[in-house]
Amino acid sequence: MKQQANLIRAGQVIEHDGRRWTVLKQQIITPGKGGAFIQVEMRDLNTGNKTNERWRTADSVERLMTEDKDYSYSYEDGDNIVLMDPETFEQLMLHKDFFGDQLPFLQDNMALNVKLVEGDPVGVTLPPQVTLEIVEADPVVKGQTASSSYKPALLSNGVKTMVPPFIEAGERVVIRTEDASYVERAKG
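Residues numbered from 1 in each chain as written. Predicted model: local features only at pLDDT ≥ 70, side-chain atom pairs only at ≥ 80, totals over all residues. Heavy atoms only, no water.

Per an unreviewed UniProt entry, the chain carries the name Elongation factor P and comes from Brytella acorum. For the record of the chain, the UniProt heading Function (unreviewed entry) holds the text "Involved in peptide bond synthesis. Stimulates efficient translation and peptide-bond synthesis on native or reconstituted 70S ribosomes in vitro. Probably functions indirectly by altering the affinity of the ribosome for aminoacyl-tRNA, thus increasing their reactivity as acceptors for peptidyl transferase." If you open the UniProt record of the chain and go to Pathway (unreviewed entry), you find "Protein biosynthesis; polypeptide chain elongation." (UniProt positions renumbered as here; feature names shortened; annotations may be inferred.)

Pasting the structure below:
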């Protein structure tokens, strides 16, 4: 399906130069002189290579229609992650690179959404937040106010994040999977 370049959004899958690309970021740039253009960062679905491309906003691009399907995380198998369709119990294997920075946030039986183009997986979405335990946190510095400063902490999945000074090792916290940022203390 053809669409104008200025309608490209992150998460879409487009066809360009005979290859399939998933859009990571897009930005419309309006220079002082001349027409506006759109700068798109995208990843090749076959090779995993990233590239940047520019189109004039009036140009058209081929957008591929995606189908969303729910899976649950089963287990790790070498360099692959095995997902299961909760309805048919069919398994889907995806390389770890497919998950990018979100890989450490996978948890047993986690519900995931996989985007498919003609049956081929092109993207995966984790739940927006996960609950993890703090395994290491710097001590509070005297005189530090809770509202202005965060301190480094290590999560149980090995990811480093910044937490408020009142959070200590052993506490469970809610973390945003998109950018590994602190949301709140876990309830209960």
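There's more to say after this.
**Q** Please clarify how the side chain of S181 should be interpreted in this entry.
**A** Relative to the assigned elements, S181 resides in the loop between strand 15 (172-176) and strand 16 (182-185). A polar atom in the side chain of S181 sits 2.8 Å from the side chain of D179. Setting aside residues no more than four positions away along its own chain, S181 makes contact with T161, V174, I175 and R176. (Helix = DSSP H or I, 4+ residues; strand = E, 2+ residues; numbered from the N terminus. Polar contact = N/O pair within 3.5 Å; in protein donor to acceptor, adjacent residues only side chain to side chain. Contact = heavy atoms within 4.5 Å.)

**Q** Help me understand the pairing of strand 13 (residues 151-155) in this model?
**A** Regular strands have side chains that alternate between both faces of the sheet. Residues K151, A153 and L155 of strand 13 are buried on one face, while the alternating residues P152 and L154, pointing to the opposite face, are not. As judged from the three bridges shared by strand 12 (residues 129-137) and strand 13, these two strands associate in the antiparallel manner. By the bridge assignment, I134 is partnered in strand 13 with L155. As paired strands, strand 13 and strand 14 (residues 160-163) are joined by four bridges and run antiparallel to one another. In the strand pairing of strand 14, L154 is matched with K160. Here strand 13 folds back onto strand 14, and the loop between the two strands holds four residues, one of which, G158, carries a positive phi near 90°. (Buried < 20%, exposed > 50% of the residue type's maximum accessible area, 1.4 Å probe, protein only. Pairing = 2+ DSSP bridges.)

**Q** Would you mind showing me how to read the environment of L154 here?
**A** Mapped onto the elements of the fold, L154 is located in strand 13. Assessed through its relative accessible area of 22%, L154 is described here as partly exposed. Each C-alpha atom, one on L154 and one on L106, is 16 Å from the other, the two residues being 48 residues apart in sequence. Non-local contacts of L154, meaning those with residues more than four positions away in its chain, are made with E133, I134, V135, E136, V159 and K160.

**Q** Would you explain the environment of V174 in this entry?
**A** Positionally, V174 belongs in strand 15. Using a relative accessible area of 8% as the deciding quantity, one classes V174 as buried. Look past the residues within four positions of V174 in its chain and what remains in contact with it is Q129, V130, T131, S181, Y182, V183, E184, R185 and A186.

**Q** Help me understand the UniProt feature "domain: Translation elongation factor P/YeiP central" (unreviewed entry) in the chain, please; the structure alone is not making it clear to me.
**A** As annotated by UniProt and renumbered to match this structure, "domain: Translation elongation factor P/YeiP central" (unreviewed entry) occupies residues 68-122. Secondary structure content for residues 68-122 is 0% helix and 55% strand, and the end C-alpha separation is 10 Å.

**Q** Hey, could you run me through the sheet that holds strand 3 (residues 19-29) in this one?
**A** Each strand in a sheet pairs with another by means of backbone hydrogen bonds, the pair being arranged parallel or else antiparallel. Overall, antiparallel pairing links the six strands, which are arranged 1-6-2-3-4-5 in an open sheet. Lying at the two open borders of the sheet, with one neighbouring strand each, are strand 1 (2-4) and strand 5 (50-56). In this sheet, neighbouring strand axes are inclined to one another by 50° on average, regardless of whether the strands run parallel or antiparallel. With eight bridges joining them, strand 3 and strand 4 (residues 37-44) adopt antiparallel strand pairing. Looking at the pairing, Q27 lines up with Q39 of strand 4. (Axes fitted to C-alpha atoms, helices over the stretch in contact; angles between N-to-C directions.)

**Q** Please explain the nonpolar core as it appears in this structure.
**A** Within soluble globular proteins, side chains that are nonpolar tend to cluster in buried spots. With 27 residues, the main nonpolar core has L83, F99, F105, L106 and L112 as its most contacted residues. Contributing elements (two or more residues each) for this core: strand 7 (67-77), strand 8 (80-84), strand 9 (91-95), strand 10 (111-117), strand 12, strand 13 and strand 15. Sequence-distant contacts of L83, defined by excluding residues within four places in its chain, comprise Y71, S72, Y73, S74, E90, Q91, L92, L94, L112 and V114. I8, V23, M42 and W55 belong to the second largest nonpolar core, which has 10 residues in total. (Core = buried A, V, L, I, M, F, W, Y, C linked by side-chain atoms within 4.5 Å.)

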